[in-house]
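Remarks on the overall topology
Next come the chains, spelled out residue by residue.
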Amino acid sequence: SSVEHPAGGYKRLFETVEELSSPVTAHVTGRIPTWLRGSLLRCGPGLFEVGTEVFYHLFDGQALLHKFDFKEGHVTYHRRFIRTDAYVRAMTEKRIVITEFGTYAYPDPCKNIFSRFFSYFKGVEVTDNALVNVYPVGEDYYACTETNFITRINPETLETIKQVDLCRYVSINGVTAHPHIENDGTVYNIGNCFGKNFAIAYNIIRIPPLQADKEDPMNKSQVVVQFPCSDRFKPSYVHSFGLTPNYIVFVETPVKINLLKFLSSWSLWGANYMDCFESNETMGVWLHVAEKKKGRLLNLKFRTSAFNLFHHINTYEDNGFLIVDLCTWKGFEFVYNYLYLANLRGNWDEVKRHAEKAPQPEARRYVLPLSIDKADTGRNLVTLPYTTATATLRSDETIWLEPEVLFSGPRHAFEFPQINYKKYGGKPYTHAYGLGLNHFVPDRLCKLNVKTKETWVWQEPDSYPSEPIFVSHPDALEEDDGVVLSIVVNPGSGPKPAYLLVLNAKDMSEVARAEVEVNIPVTFHGCFKRA
C-alpha cells in the first residue's frame with residue numbers, strides 16, 4: 001500500500017513531552033477484554049533537547065518509561081523520565097553532559113583549560129540512557145540501552161531504583177537490548193568483549209532464574225560461549241541474536257565498530273558513537289552457531305551476501321536444520337545513518353527522497369544445515385520440503401546461504417517483529433506481528449503468516465503506531481488466540497492525540513482503544529507484565 005503522509009503528523013513522534021505526576025484515566029471505546037489484566041511497559045525518547053542544546057539522532061533523546069495499566073476493562077496511562085546519570089546531570093547542569101549515540105556532549109564551558117584537559121584522561125563516559133527496552137530479570141525490571149549500564153525501575157510506580165554496571169558481573173563491553181528470556185526466567189544476552197590476545201570476540205552471557213535463596217541472579221551471571229570475530233579490532237554491531245532449545249545463532253554483519261576510533265578518547269575531537277561505525281564492503285554476512293547446553297562452537301562457516309540486521313523474528317530447529325527468520329536491510333551501508341532527527345522530521349517529500357537512498361528492507365528466512373558431508377560439495381544441503389531457502393557447500397568448506405523471502409515491499413519494512421514468544425519462541429511457529437515502516441515512517445501494523453506469506457494489516461490515515469505486543473488469551477488453544485497492543489499517535493484528532501490500540505490477533509481487527517489527552521512520542525520496545 002502506498003499511503004502518503006503529506007500532513008506530516010509523524011513529526012509529533014519526535015516532540016518533547018512532560019512526564020506525568022500520577023496516572024491519568026484513558027477514555028475507552030469498544031470493550032477491553034476482561035481477561036486482559038496487567039501493564040504494557042514501553043521505552044523511548046521523551047526529551048529531545050536540553051535548554052538550547054539539541055539531540056541529533058533518533059537514539060539520543062532522554063529515556064521516558066511508559067505504562068498502560070489494564071484492570072477490569074479500565075485503562076490508565078502513566079509515564080516518568082528514567083533518572084539515569086545522563087538525565088540527572090543534564091537536568092542539573094541544564095546542558096547535554098553525556099555524549100549520546102549521535103550527539104557529542106561539549107565539555108563544561110565553566111571549567112578552565114587545565115581541568116578540562118585532565119578530565120579527558122578519565123576516559124570515555126559511556127551513556128546509561130535506557131531508552132530502548134524494558135525486561136524482567138528474576139523479580140526485577142530493567143530498562144536498557146546497548147551499553148554496559150542497565151537501570152532497575154519499579155514497574156508499578158515507574159520510579160528509578162538504581163543503575164547497574166554489567167561489567168561488574170561479567171566480561172562484556174556492553175549487551176544488546178534484546179535478551180532472550182526462557183520460561184523459567186533464565187536470561188541470555190550477547191555483547192562484545194576482549195578475548196584472547198586482546199582480540200575482539202562476542203560473549204553469550206546467561207543469568208540464571210531467581211533461586212529459593214532470593215539472591216540477585218545478576219551475581220550468578222556467567223559467560224556460556226564465546227564467538228570469534230571476523231576482524232580482531234573491529235566488532236560488528238549486534239542488536240539481537242537467535243536462541244532455540246539447543247542452539248545459539250549469531251549473525252555477524254558488515255556494520256563494524258572501529259574500536260581505535262572509539263578508544264582514542266573521542267572527547268578530544270568531538271566524536272560520538274555514530275562516528276565510530278564503518279562498513280566492511282567485502283565480507284558479506286557470517287553466521288555462527290553454538291550448542292547452548294555445552295557452550296560449544298560448531299565448526300561451520302555460513303556465509304551470505306551483505307545486509308544490516310537489527311531484529312531476529314524467530315529461530316527454530318527442524319530435522320537437523322536451523323530455521324533463522326530475520327528482518328534484514330539489504331547492503332552494507334548502516335541504516336542508522338538514515339535515522340537522524342532532521343531527516344525523520346522532514347516534510348513528506350523530503351522523507352521519501354531520503355529513504356529512497358537507504359538500504360531496502362526484506363523479511364527473510366535462512367536455513368542452516370547442522371551436519372555437513374564433504375561429499376556434498378557443490379550441492380544444496382537443504383532438504384526441507386516447505387522452504388525455497390538454500391545452503392550450498394563450497395570447495396573452501398564455507399556454506400553459502402540464499403534466503404526465502406517472507407515479506408518484501410519497496411521501502412515498506414516489516415520491522416519490530418513480535419511473536420507468541422512464551423509458547424513459540426525458539427520453536428516452529430506460524431505467525432509474526434510487525435510494525436510497518438513506510439519510508440521509515442511507522443504507519444501500519446501487520447500480521448504475517450510465515451508459512452503462507454499471507455498478511456493482515458491495520459492502518460488508519462495520519463495514524464502512527466508502535467511495535468505490536470502480542471498478549472496470549474489465558475485459555476488460548478491456538479498460536480494467535482489473543483490480542484495485539486500498540487500505542488498509536490493520531491495528531492489530527494482533536495483533544496486526544498494518542499491512544500492504546502487493542503487488536504484481535506486473529507484478523508487484526510479493532511477490539512478497543514483507550515485514548516489519552518497527551519501526545520506520546522515514539523517508543524521502541526517493551527513488554528506486557530501480567531497482573
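This structure is a prediction, so every number in the text was calculated from the model and none was measured.

**Section: the overall build of the chain**
Assigned secondary structure in the chain consists of six helices and 37 strands. Rg of the C-alpha trace for the chain: 23 Å, near the compact-globule value of 24 Å for 531 residues, within the 12% margin. With the C-alpha coordinates aligned to their principal axes, the bounding extent of the chain is approximately 70 × 65 × 60 Å. Every one of the 531 residues in the chain was classed for burial, and the buried ones make up 58%. Summarising the internal contacts of the chain: among those between residues at least 6 apart in sequence, 61% fall at separations of at least 24. Surface summary for the chain: the accessible area is close to 21600 Å², and the carbon and sulfur share equals 52%. For the chain, the distance from the average site of its 56 positive side-chain charges to the average site of its 61 negative ones is 3 Å.

**So, the pairing of strand E36 (residues 509-516)**
Two faces belong to every sheet, and in a regular strand the side chains alternate between them. Pairing geometry for strand E2 (residues 27-30) and E36, over four bridges, is antiparallel. Bridge assignment links His 27 to a residue of E36, and that residue is Glu 515. Pairing geometry for strand E35 (residues 498-504) and E36, over seven bridges, is antiparallel. Paired with Val 502 across the two strands is Ala 512, which belongs to E36. Counted along the chain from E35 to the antiparallel partner E36, the turn is four residues long, and its residue Met 508 has a positive phi close to 60°.

**Details of the UniProt feature "binding site: Fe cation" (unreviewed entry) in the chain**
Per the UniProt record, "binding site: Fe cation" (unreviewed entry) is annotated on His 178, His 239, His 311 and His 525. Annotated residues spanning 348 residues; largest pairwise C-alpha distance 12.5 Å, indicating a single compact cluster. Note that His 178 resides in the loop between strand E11 (160-165) and strand E12 (180-181). At 3.1 Å, the side chain of His 178 and the side chain of His 239 are in polar contact. Within the secondary structure layout, His 525 lies in strand E37 (residues 525-530). Setting aside anything within four residues of it in sequence, one finds His 525 in contact with Leu 41, Arg 42, Cys 43, Val 132, Asn 133, His 178, His 239, His 311, Phe 416 and Glu 467.

**Focus on the sheet that holds strand E30 (residues 431-438)**
Strands sit in the order E29-E30-E31-E32 across an open sheet of four strands; the sheet is antiparallel. One side of each edge strand has no neighbouring strand; the edge strands of this open sheet are strand E29 (412-418) and strand E32 (455-458). Between one strand axis and the next, the sheet turns through 35° on average, direction left out of account.

**Some points on the packing of aromatic side chains**
In this description, an aromatic ring pair is defined by two values, namely the gap between the centres and the angle between the planes. One pass over the full model with this rule turns up 30 aromatic pairs. With centroids separated by 5.5 Å and ring planes inclined at 15°, the aromatic side chains of Tyr 433 and Phe 470 adopt a geometry described as stacked. Placement of the pair is Tyr 433 in strand E30 and Phe 470 in strand E33 (residues 469-472), with a sequence separation of 37 residues. Chaining the aromatic ring pairs together yields one cluster made of Phe 59, Phe 101, Tyr 237, Phe 262, Tyr 273, Phe 277, Phe 310, Phe 334, Tyr 336 and Phe 524. The lysine or arginine in question, Arg 303, covers the ring of Trp 286, its NZ or CZ lying 3.8 Å from the ring centre.

**Concerning unusual backbone geometry**
The phi torsion at Glu 72 lies on the positive side, around 50°, for a residue other than glycine. With respect to the element layout, Glu 72 can be found in the loop between strand E6 (62-71) and strand E7 (74-81). The phi torsion at Lys 94 lies on the positive side, around 55°, for a residue other than glycine. Within the element layout of this structure, Lys 94 appears in the loop between helix H1 (85-93) and helix H2 (113-120). In this structure Lys 94 comes out as exposed when scored by relative accessible area, which is 64%.

Definitions and cut-offs
Residues numbered from 1 in each chain as written. Predicted model: local features only at pLDDT ≥ 70, side-chain atom pairs only at ≥ 80, totals over all residues. Heavy atoms only, no water. Helix = DSSP H or I, 4+ residues; strand = E, 2+ residues; numbered from the N terminus. Rg over C-alpha atoms; globule rule 2.2 N^0.38 Å. Buried < 20%, exposed > 50% of the residue type's maximum accessible area, 1.4 Å probe, protein only. Contact = heavy atoms within 4.5 Å. Areas by Shrake-Rupley, 256 points an atom, 1.4 Å probe, with all protein chains shown as cover. Lys, Arg positive; Asp, Glu negative; His and termini not counted. Charge placed at Lys NZ, Arg CZ, Asp CG, Glu CD. Pairing = 2+ DSSP bridges. UniProt positions renumbered as here; feature names shortened; annotations may be inferred. Polar contact = N/O pair within 3.5 Å; in protein donor to acceptor, adjacent residues only side chain to side chain. Axes fitted to C-alpha atoms, helices over the stretch in contact; angles between N-to-C directions. Phe/Tyr/Trp six-rings, centres within 6.5 Å; stacked < 30°, edge-to-face > 60°. Lys NZ or Arg CZ within 6 Å of the ring centre and 35° of its normal.

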